[in-house]
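Breakdown of the fold
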Amino acid sequence: MGINDNPAPPTSVPSDFRGIVESYYQPLYRFAISLCRNDFEAQDLTQQTFFLWASRGHQLRDGSKVKSWLFTTLYREFLGIRKKNSRLEPASPEEFEKIADAPAPVQLEDFDGDGVLRALMKIEETYRTPLMLFYLKNHSYKQIAAVLNLPIGTVMSRLSRGKQQLKQILSEGPDGPEDLGALRKESR
Amino acid sequence: MNREEAKQWLSGFHKGDPDDEPKITAALTLLEKDEKLQEWWNREQEFDSWVSQKLDESYAPSALRYRILNQNQNTSRIPGFALRVLAVAATLFLFVGLVMIFRPGPRVTYAEVMQAGLGIVSQKDFQPDHITPDMSNIRQWIQARGGTSAFQVLTGLKKGEPIGCKIIQVRGVMVSIVCFHSPDHKGALHLIIFDRTKLLGTPPIGASITQKGKWTSAFWADNQYSYILVTDLGMNAIQSALKNS
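Residues numbered from 1 in each chain as written. Chains lettered and ligands numbered in written order. Predicted model: local features only at pLDDT ≥ 70, side-chain atom pairs only at ≥ 80, totals over all residues. Heavy atoms only, no water.

What about the overall build of chain A?
- Per the secondary structure count, chain A includes seven helices and one strand.
- When the helices and strands of chain A are listed from N to C terminus, the series reads α-α-α-α-α-α-α-β.
- Looking at the 188 residues of chain A, the share that counts as buried comes to 54%.
- In chain A, of all internal contacts separated by at least 6 residues, the share reaching a separation of at least 24 is 74%.
- Of the roughly 8,600 Å² that chain A leaves accessible, carbon and sulfur atoms contribute 49%. (Helix = DSSP H or I, 4+ residues; strand = E, 2+ residues; numbered from the N terminus. Buried < 20%, exposed > 50% of the residue type's maximum accessible area, 1.4 Å probe, protein only. Contact = heavy atoms within 4.5 Å. Areas by Shrake-Rupley, 256 points an atom, 1.4 Å probe, with all protein chains shown as cover.)

What follows is the structure, given as structure tokens:
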């Protein structure tokens, strides 16, 4: 039997604005905070993405591409802001390396959602961005390549190395030096 | 393709993803024959599913949903091709007309103003351009320079004496910074003000507080202005300053 004989059913795509917000604002916010590492900017970035969707989204004829459109737009907005702020970091050179059997994560049940997000935030940005897309709304490798404008081979290499880093971080346990709370706002 | 290379390609592959990429096809072919690779991939899928599930449980601010819906409540997708064409034509016509009369003004996000304001007030030798403890004088100075002068000063903030003010431009938007001593004179609080119509996005309902390093800030808006209050005196100082009775 082929591995793809029983694929996951396609996720239904809401067509109204409210439905799209309900479906995507959380994963988009999580993607945004993984990019800018600041709650304030992540919220603005997410809001700006939906603002653009409200004004330009009707141009998208294919409803199945809503997810890609939103994530691509958010990523491009982020790159635009970062370029303007001249904070571009050089991308790491890609290497094709042997996949070492990373230590299996221990005590995974000790991690809650924020603990996993904290672990993901510790991954180098080059690997973190595709990995967040991989885990948020199950982006396929082709969708990740399209959002990040990267060749498929590069995406695969970064996903593989990112996952190794994630396993390594998780294997060290849920207590880490970085406090996600510092990135997060407290609402009154 | 050997097992290690197959792992690299399968590592980024969800069950159900397109399998027409030659390397993926080769990896999947090897997967069907290689028992150890299958065991590895089963573990990998379990791990991926666990991470996705945990990530879905991680924090996302529910207030953001309201901000987005509120911002866009009057914007909806236009049904029907003809209606869309008509709407685009009418919008273009109106837009061209308006552009002839008014040039659209620049707008900024809270994050941009916050970043610019913090960049200035966090400097070690920061001093306002105009120093006076007289709030009326501060308003006059700002007004004379075309700034936002009719802003509201919360009661909690009034407990500290004004220090002075400064005007900056953030992406073409005029922003006023008014500095106050804390009530105990142990530090300063900086009120950053700009026109609400220049705000890109919708302000939160009530004030929101955020922390960035040693700097705590609150942002909110009234009918006329958008405000950011920032200090390095901590959360208590911000909360005291936000009291308005």
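What follows picks up the thread again.
Let's talk about the overall build of chain B
- For chain B, the count of helices and strands is nine helices and seven strands.
- Among the 245 residues that make up chain B, the fraction classed as buried is 47%.
- Here the analysis covers contacts within chain B between residues at least 6 apart in sequence; of these, 59% occur between residues at least 24 apart.
- Approximately 12,700 Å² of chain B is accessible, and the part contributed by carbon and sulfur atoms is 53%.

Quick word on the packing of helix α2 (residues 39-56) of chain A against helix α6 (residues 110-121) of chain B
- Two elements in contact, α2(A) and α6(B), have axes separated by 9 Å at closest approach and are oriented at 150 degrees. The pairing of α2(A) with α6(B) is recorded here as roughly antiparallel in orientation. Contacts between α2(A) and α6(B) involve F40(A), E41(A) and D44(A) on the former and, on the latter, Y110(B), A111(B) and M114(B).
- Looking at the contact of α2(A) with α6(B) residue by residue, the class counts come to four nonpolar, no polar and two charged. (Axes fitted to C-alpha atoms, helices over the stretch in contact; angles between N-to-C directions. Parallel < 35°, antiparallel > 145°, perpendicular 65-115°, else oblique. Nonpolar A, V, L, I, M, F, W, Y, C, P; charged D, E, K, R; others polar.)

Remarks on the packing of aromatic side chains
- On inspection of all chains with the given rule, the structure shows 15 aromatic pairs over all chains.
- Ring centres 6.5 Å apart and planes at 80 degrees place the aromatic pair F40(A) and Y110(B) in the edge-to-face group. Of this pair, F40(A) sits in helix α2 while Y110(B) sits in helix α6, which puts the two residues in different chains.
- With a relative accessible area of 1%, Y110(B) lands in the buried category.
- Aromatic rings pair up to connect F40(A), Y110(B), F194(B) and F219(B) into one cluster.
- A cation over a ring is seen here: K137(A) above Y24(A), with NZ or CZ 4.9 Å from the ring centre.
- Taking the ring centre of F47(B) as reference, the NZ or CZ of K167(A) above it sits at 5.3 Å. (Phe/Tyr/Trp six-rings, centres within 6.5 Å; stacked < 30°, edge-to-face > 60°. Lys NZ or Arg CZ within 6 Å of the ring centre and 35° of its normal.)

A few points about the nonpolar core
- In this structure, F31(A), F50(A), L70(A), L120(A), L166(A) and L10(B) are the most contacted members of the largest nonpolar core, which totals 71 residues.
- In terms of residue count, helix α1 (residues 17-36) of chain A provides more of this core than any other element does, 12 residues in total.
- When near neighbours in sequence (up to four residues on either side) are disregarded, F31(A) contacts F71(A), L74(A), Y75(A), T129(A), M132(A), L133(A) and L136(A). (Core = buried A, V, L, I, M, F, W, Y, C linked by side-chain atoms within 4.5 Å.)

A word on the confidence of the model for chain B
Residue and element names in this part refer to chain B.
- Of all residues in chain B, 88% have pLDDT values of 70 or greater, and the mean over the chain is 84.
- Counting interchain partners and residues more than four positions distant, the pLDDT-below-50 stretch residues 74-78 has 10 contacts.
- Scored as a whole, the predicted complex attains pTM 0.55, and scored at its interfaces, ipTM 0.77. (pLDDT = per-residue confidence, 0-100.)

A word on the pairing of strand β7 (residues 225-231) of chain B
Residue and element names in this part refer to chain B.
- Where burial is concerned, most of β7 is hidden: seven out of the seven residues are buried.
- Taking every second residue as pointing to the same face, both faces of β7 are buried, with Y225, Y227, L229 and T231 on one and S226, I228 and V230 on the other.
- Bridging between strand β4 (residues 188-195) and β7 involves seven bridges; their strand directions are antiparallel. Within β7, the residue paired with L191 across the bridge is L229.
- Linkage of strand β6 (residues 215-221) to β7, two consecutive antiparallel strands, is achieved through a turn of three residues. (Pairing = 2+ DSSP bridges.)

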